[in-house]
Amino acid sequence: LALGNASEVAPLSAVIGTALPILFGIAQGERPSTSAWAGIALALATIVLVSADGRASSSDPARRRRALLLAATSGVFIGVFLIAFERAGTGQGILPLFVARASSVPLFAVLLFARERRLWPKGVSPATAITAGVFDIGANGCFLYALASAPLSIVATLSNLYPAFTVLLGVLVLRDRPRPVQQLGLGLAL
């Protein structure tokens, strides 16, 4: 997001992060109904529409290519993460979430140490980051719980509608004024 335009980067990441679990689920024998396929197609269109912020592409082609490559890589990582949660099994409770966090926190510590960075910037409150972490764990817990009742292809599609909720929060909290195409996307998300 720091390198490219949100209208290009966010939907690319979300669509790839959705497509991989769908394809994996299909390869594992999931057979969504016709209405489920229609919902999946609608959700993918929604992701693109709500992310359309109307800004022009970066004038630097190399920077744009790098942003799109990073977005695609992010989408792959998101998709593999969601698949790994599904493969961990729904009978494990929150153990997969605990293992994910127990392995990621030390990894971040090593990265910070290697880059010789402070754990937390001086003079900045960690309250917002802690709150985001609580919501992240809650979201992943809900994802695991949903997998116990629905196939990966459907759960991954619904969970990757997050750009719609980000835009909606911007409207409600920041008083953003979404463009008409984003309004259409919000309507489709509902």
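Residues numbered from 1 in each chain as written. Predicted model: local features only at pLDDT ≥ 70, side-chain atom pairs only at ≥ 80, totals over all residues. Heavy atoms only, no water.

**Student:** Whenever I open this one, the packing of aromatic side chains confuses me. Can you help?
**Tutor:** The geometry of an aromatic ring pair is captured by the separation of the ring centres together with the interplanar angle, meaning the angle of the planes. Within this structure, the stated rule accounts for two aromatic pairs. Aromatic side chains phenylalanine 81 and phenylalanine 85 sit 4.5 Å apart centroid to centroid with 40° between the ring planes, which places their arrangement in the tilted category. Note that phenylalanine 81 and phenylalanine 85 are positioned in helix α3 (residues 61-88) at a spacing of four residues, about one turn of the helix. On the basis of relative accessible area, phenylalanine 85 is assigned to the buried category, the value being 4%. Relative to phenylalanine 143, the ring of phenylalanine 85 lies with its centre 6.5 Å away and its plane at 40°, an arrangement referred to as tilted. Of this pair, phenylalanine 85 sits in helix α3 while phenylalanine 143 sits in helix α5 (residues 127-147), and the two are 58 residues apart along the sequence. Here the two residues phenylalanine 85 and phenylalanine 143 agree in accessibility, since each one is buried. An aromatic cluster is present here, built from Phe81, Phe85 and Phe143 joined pairwise through their rings. (Phe/Tyr/Trp six-rings, centres within 6.5 Å; stacked < 30°, edge-to-face > 60°. Helix = DSSP H or I, 4+ residues; strand = E, 2+ residues; numbered from the N terminus. Buried < 20%, exposed > 50% of the residue type's maximum accessible area, 1.4 Å probe, protein only.)

**Student:** What is the right way to read the pattern of salt bridges from this model?
**Tutor:** When the charged atoms of two side chains lie near each other, side chains of opposite charge can form a pair. Considering all chains together, one arrives at two salt bridges under this definition. Glutamate 86 serves as the salt-bridge partner of arginine 87, at 3.6 Å between the closest nitrogen and oxygen. Between aspartate 136 and arginine 101 there is a salt bridge whose closest N-O contact spans 2.4 Å. Highlighted residues: aspartate 136 in helix α5 and arginine 101 in helix α4 (residues 95-114), separated in sequence by 35 residues. (Salt bridge = Lys/Arg side-chain N within 4 Å of Asp/Glu carboxyl O.)

**Student:** Help me understand the packing of α3 against helix α6 (residues 152-159), please; the structure alone is not making it clear to me.
**Tutor:** To describe two helices that pack against each other, one gives the angle between their axes and the distance between the axes. At a closest axis distance of 11 Å, the pairing of α3 and α6 adopts a crossing angle of 140°. By the criterion of interaxial angle, the relationship of α3 to α6 is oblique. Considering only the axes of α3 and α6, their crossing is right-handed. Two secondary-structure elements touch here, α3 through Leu82, Ile83 and Glu86 and α6 through Leu152, Ala156 and Ser159. Of the residues in the contact of α3 with α6, the class split is four nonpolar, one polar and one charged. (Axes fitted to C-alpha atoms, helices over the stretch in contact; angles between N-to-C directions. Parallel < 35°, antiparallel > 145°, perpendicular 65-115°, else oblique. Left-handed = near helix turned anticlockwise from the far one by under 90°. Contact = heavy atoms within 4.5 Å. Nonpolar A, V, L, I, M, F, W, Y, C, P; charged D, E, K, R; others polar.)

**Student:** I tried to follow the nonpolar core on my own but got confused; where do I start?
**Tutor:** Inside soluble globular proteins, nonpolar side chains tend to come together where they are buried. Leu82, Ile83, Phe85, Leu97, Ala100, Phe143, Leu144, Leu147, Leu152, Val155 and Ala156 together form the largest nonpolar core, which totals 11 residues. Where this core is concerned, the elements lending two or more residues are α3, α4, α5 and α6. In this structure alanine 100 touches Phe81 and Phe85, once residues within four positions along its chain are discounted. (Core = buried A, V, L, I, M, F, W, Y, C linked by side-chain atoms within 4.5 Å.)

**Student:** Teacher, can you tell me more about the side chain of threonine 18 here?
**Tutor:** Inspection of the secondary structure assignment puts threonine 18 in helix α1 (residues 6-27). The buried category is assigned to threonine 18, whose relative accessible area is 0%. Those residues in contact with threonine 18 that lie beyond four places of it in its chain are Leu44, Ile47, Ala156, Thr157 and Asn160.

**Student:** When you look at the confidence of the model for the chain in this model, what are you seeing that I'm missing?
**Tutor:** Reading fine detail from the predicted coordinates is not recommended where pLDDT is low. Mean pLDDT over the chain: 84, with 95% of residues reaching 70 or higher. Here helix α7 (residues 162-174) stands out as the element of the chain with the lowest mean pLDDT, 79, in contrast to α3, whose mean of 90 is the highest. (pLDDT = per-residue confidence, 0-100.)

**Student:** Explain the environment of leucine 12 to me, please; I cannot follow it from the model alone.
**Tutor:** Structurally, leucine 12 is set in helix α1. Not counting chain neighbours up to four residues away, the residues in contact with leucine 12 comprise Leu68, Ala71 and Ala72.

**Student:** Looking at this structure, how should I read helix α2 (residues 34-50)?
**Tutor:** Every α-helix winds through 3.6 residues per turn, so residues three or four apart in the chain are directed the same way. For α2, which comprises 17 residues, the first-to-last C-alpha distance of 24 Å matches the rise-based estimate of 24 Å (1.5 Å per residue) to within 8%. Buried residues of α2: Ala36, Ile40, Ala43, Thr46, Ile47, Leu49 and Val50, and no others. (Expected span 1.5 Å × (residues − 1).)

**Student:** Please clarify how the packing of α2 against helix α8 (residues 180-189) should be interpreted in this entry.
**Tutor:** It is the contact of α2 with α8, at a shortest axis distance of 8 Å, that shows an interaxial angle of 150°. Accordingly, the angle class assigned to the pair α2 and α8 is roughly antiparallel. As for how α2 packs across α8, the hand of that crossing is left-handed. Here Leu42, Thr46, Leu49 and Val50 of α2 come into contact with α8, specifically with Val181, Gln182, Leu184, Gly185, Leu186, Leu188 and Ala189.

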